[in-house]
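Commentary on secondary and tertiary structure
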Amino acid sequence: MMRPLPPAKIPVAVLASIAVVLAGQVLFSLWAGASGQDSLPSRNFQIIQPEDTEETIILKATRVVPTRRQLKWQSKELAAFIHFGLKTFTDREHGDGTENPSLFQPTAFNPRQWARVLKEAGFRMIILTAKHHDGFCLWPTRTTDHSVRKSSWRQGRGDVVKEVVTACREEGLDFGFYLSPWDQHEKSYGTPQYNEFFRRQLKELLTDYGPVAEVWFDGFCGEGPGGRKQQYDWNSYYQLIRKLQPEAVIAIMGPDVRWVGNESGLARDSEWSVLPLDLPEPSLHLLQAGRSTLEQVFQPGNVMGEDLGSRRVITRARALFWYPAEVDVSIRPGWFYHQKEDRAVKSPRELFEIYLKSVGRNSVLLLNVPPDKRGLINQNDVRALRDWRQLLDRTFKQGYIKKTGVRASSEQPGHPASHLLRKNPDGCWLAAPGLPQAYLEVRLQGRSQFDCLELKEDITRGQRIEAFQLEAWLEGKWVEIARGTTVGYKRIVTFPAVTTDRVRLIISQFRGLPCLKTFNLYKLAVPVN
Ligand code: FUL
């Protein structure tokens, strides 16, 4: 049942901004209904027409949703990167492609240990560097000699990829691989033949090892022999992946998952998943006419700005698509293992902050944990991961909004606010159209102390929230204690601790009607900056 909230006691500034923004939203929802645009189907991209008004473009933005594979990928939240290869043994971050394969000599290689440690820490997938820039292949490929086959390790019969895949399956983890497009070893690099070579490598990895959940194409691209640069035939790579592993997302230099833009574990304060799709006009026409798929025309570009998806940005776009962020960062200073960095492993608290600023900002965290020369995850990393997991569990195991009373500004049939109080993976609160306010008021079970807010949108309906504030009832009045902009898959905001028994969440700006899956409050296990 919908019960309106008492009107008084919202700070004047908040009221004013709500009035302005929401009056526009009421008009917009009336207009969208009247113009028949409500029937615009949701999909992972929308083309903007030259005659589209700002309102139509905003409406189209609300009809951009993730594909099934993107949804599955996002809900994993945590993926582990494994940088392992010749550079583990040369003790360098960069090679030149001439390294002797026999340097690859792990003495106690055990990916079961990796999978166990990572599973216990909460990771849901491992992405292995099957080939890094130096061109050395961790599987006995038929495309080149530069592989484990040429190492005396296991008399040339070793297959790192196979053993990692097996370990993943045993622990119920998904498997993905990094295959560096840049290849310092391969002679054909920089010529059209290299595209064929690269496709053959992809084909082996996509057919010989069972299901693949993610293919990671690094954007770092150097020169080949004689300073030659490769013209990558990206679209042929994408189509091969779709054909052989339709469930796999293609990340970074691909159409499904974008690089967040830094390697320090930090997503943006406003992290959008609906972005402009920059393609030449002929490609947009083909897409629009249904004569091409996104993978046939997509070209990797630079997605580095601070504002990637605000109204200002999307209203200037020619097309929009679902393009969520992945945050890759290493648990150590380097991507590969170096003994001298054993004391430089990130602390559990640093990792905890990284989690808050990556997963807690609408991104997937891809944390690199490089095995050492034995082929094991080093004890220091194991300890840091274990203690990090404890911080996460202590903070997020139990929230304060549970079996409480909740009142919503409005709700739609089948989507009551009470869905937020129970563990109900499919339930969500959906605000009703026409009311110029979207907010929730919650009575906690007694006075509680908290300093952390978690929100989740139902992204199967797109990304809609543009601004929100959290207020607490303190000494007889509502006081703002936190605010934010985007939510998306998950948003975590921390603030100085407060003690109260009443809170109110005001969603003050949105595209389409807000639909929340989660609204909860926690007490952090450690203070953060
Ligand atoms: C970069 C590479 O150059 C690093 O070695 C590492 O693989 C990182 C994930 O991507 O572009």
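Check the entry above for the structure.
If you're wondering where the values come from, they're calculated on a predicted model, not measured in any experiment.

With that settled, the discussion passes to the packing of helix α5 (residues 111–120) against helix α6 (residues 160–171). At a minimum axis distance of 8 Å, the contact between α5 and α6 shows a crossing angle of 40 degrees. Between α5 and α6, the crossing angle belongs to the class labelled oblique. Helix-helix and strand crossings are classified by hand; for α5 and α6 the assignment is right-handed. Residues P111, R112, W114, A115, R116 and K119 of α5 lie in contact with α6, whose contacting residues are E163, V164, T166, A167, C168, E170 and E171. A per-class count over the contact of α5 with α6 returns 6 nonpolar, 1 polar and 6 charged.

With 7 of 8 residues buried, strand β18 (residues 515–522) is to be regarded as a mostly interior element. Both strand β13 (residues 429–430) and β18 contribute to a ladder of 2 bridges, which runs antiparallel. Note that in β18 the partner of W429 across the bridge is L516. As judged from the 6 bridges shared by strand β14 (residues 438–457) and β18, these two strands associate in the antiparallel manner.

Once that is clear, we can look at the environment of I126. Mapped onto the elements of the fold, I126 is located in strand β3 (residues 125–131). Put simply, I126 and A79 are 47 residues apart on the chain and 5.9 Å apart in space, counted from C-alpha to C-alpha. Contacts of I126, omitting those with residues within four sequence positions, involve A80, I82, A115, L118, V164, C168, L173, D174, F175 and G176.

The next thing to look at is the site of the ligand. In the vicinity of the ligand, the contacting residues are F81, H83, H132, H133, Y178, D218, F220, E263, D328 and W335. H83 is positioned such that a nitrogen or oxygen atom in its side chain is 2.7 Å from an oxygen atom of the ligand. The fraction of the free accessible surface of the ligand (290 Å²) that becomes covered by protein chains is 91%. Along the lines of polarity and charge, the residues of the shell around the ligand split into 4 nonpolar, 3 polar and 3 charged.

So, on to the packing of α5 against helix α13 (residues 379–396). Between two packed helices, the angle of one axis relative to the other and the distance separating the axes together describe the packing. One way to put it is that α5 packs onto α13 with a least axis distance of 9 Å and a crossing angle of 25 degrees. Taken together, the axes of α5 and α13 lie roughly parallel to each other. Facing Q113, V117, L118 and E120 of α5, the residues of α13 in contact are V382, L385 and R389. Residue composition of the contact of α5 with α13, grouped by class: 4 nonpolar, 1 polar and 2 charged.

What counts, and at which threshold
Residues numbered from 1 in each chain as written. Predicted model: local features only at pLDDT ≥ 70, side-chain atom pairs only at ≥ 80, totals over all residues. Heavy atoms only, no water. Axes fitted to C-alpha atoms, helices over the stretch in contact; angles between N-to-C directions. Helix = DSSP H or I, 4+ residues; strand = E, 2+ residues; numbered from the N terminus. Parallel < 35°, antiparallel > 145°, perpendicular 65-115°, else oblique. Left-handed = near helix turned anticlockwise from the far one by under 90°. Contact = heavy atoms within 4.5 Å. Nonpolar A, V, L, I, M, F, W, Y, C, P; charged D, E, K, R; others polar. Buried < 20%, exposed > 50% of the residue type's maximum accessible area, 1.4 Å probe, protein only. Pairing = 2+ DSSP bridges. Near = heavy atom within 4 Å. Polar contact = N/O pair within 3.5 Å; in protein donor to acceptor, adjacent residues only side chain to side chain. Areas by Shrake-Rupley, 256 points an atom, 1.4 Å probe, with all protein chains shown as cover.

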